[in-house]
Amino acid sequence: VQLQASGGGLAQAGGSLRLSCTASGRTFSDYGMGWFRQAPGKEREFVAALTWSGETTRYADSVKGRFTISRYNAASTVYLQMNSLKPEDTAIYYCAARRRRHSVSSSVDEYEYWGQGTLVTVSS
């Protein structure tokens, strides 16, 4: 499956952005999906994930209550709605897919497919 992330850009602290990740090449509902991010000089870290149906989600503590992950299988797209943005949210955001679609995972190693990333910059 190929993943294409979009929607990044510049936002002010307290603002909002919505990221999208569109899949192609395989049946989208065959995959659990996740969002990760990587800030300069830091390791890639988990942000949010959901199962193939979207019924089960998981969030990193740092974004809980501010970010919402969702998916629309008919459009082969997963979203990350980011509200109340903070400067520390600045990073390249990556979407990822895993074949174990019935459970969620926060581990980078459990995702087989990755998008190219989209840059989010939050100014103070």
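Procedures and definitions
Residues numbered from 1 in each chain as written. Predicted model: local features only at pLDDT ≥ 70, side-chain atom pairs only at ≥ 80, totals over all residues. Heavy atoms only, no water. Salt bridge = Lys/Arg side-chain N within 4 Å of Asp/Glu carboxyl O. Buried < 20%, exposed > 50% of the residue type's maximum accessible area, 1.4 Å probe, protein only. Helix = DSSP H or I, 4+ residues; strand = E, 2+ residues; numbered from the N terminus. Pairing = 2+ DSSP bridges. Axes fitted to C-alpha atoms, helices over the stretch in contact; angles between N-to-C directions.

Peer 1: Outline the pattern of salt bridges, listing residues and values.
Peer 2: Pairing is possible between side chains that carry opposite charge, provided their charged atoms lie close to one another. A complete count under the given rule lists six salt bridges for this structure. Taking the shortest distance from any N to any O, the salt bridge between R37 and E45 comes out at 2.6 Å. Residue classification places E45 among the partly exposed residues on the basis of a relative accessible area of 36%. A salt bridge links R37 to D89, with the nearest nitrogen and oxygen atoms 2.9 Å apart. Of this pair, R37 sits in strand β4 (residues 32-38) while D89 sits in the loop between β8 (77-82) and β9 (91-98), placing them 52 residues apart in sequence. For R37, a relative accessible area of 6% corresponds to the buried category. Given a relative accessible area of 0%, D89 falls into the buried group. Here the salt bridges do not stand alone but share partners, grouping R37, E45, R66 and D89 into one network.

Peer 1: Describe in detail the sheet that holds strand β1 (residues 2-6), supporting the description with residues and values.
Peer 2: Reading across from one edge, β1-β3-β8-β7 is the order of the four strands in this open sheet, with antiparallel pairing throughout. Looking along the sheet, the strands with just one partner apiece sit at the ends: β1 and β7 (67-72). Going across the sheet, the axis of each strand differs from the next one's by a mean of 15°, ignoring polarity. Both β1 and strand β3 (residues 17-24) contribute to a ladder of five bridges, which runs antiparallel. Across the sheet, residue Q2 finds its bridge partner in β3, namely S24.

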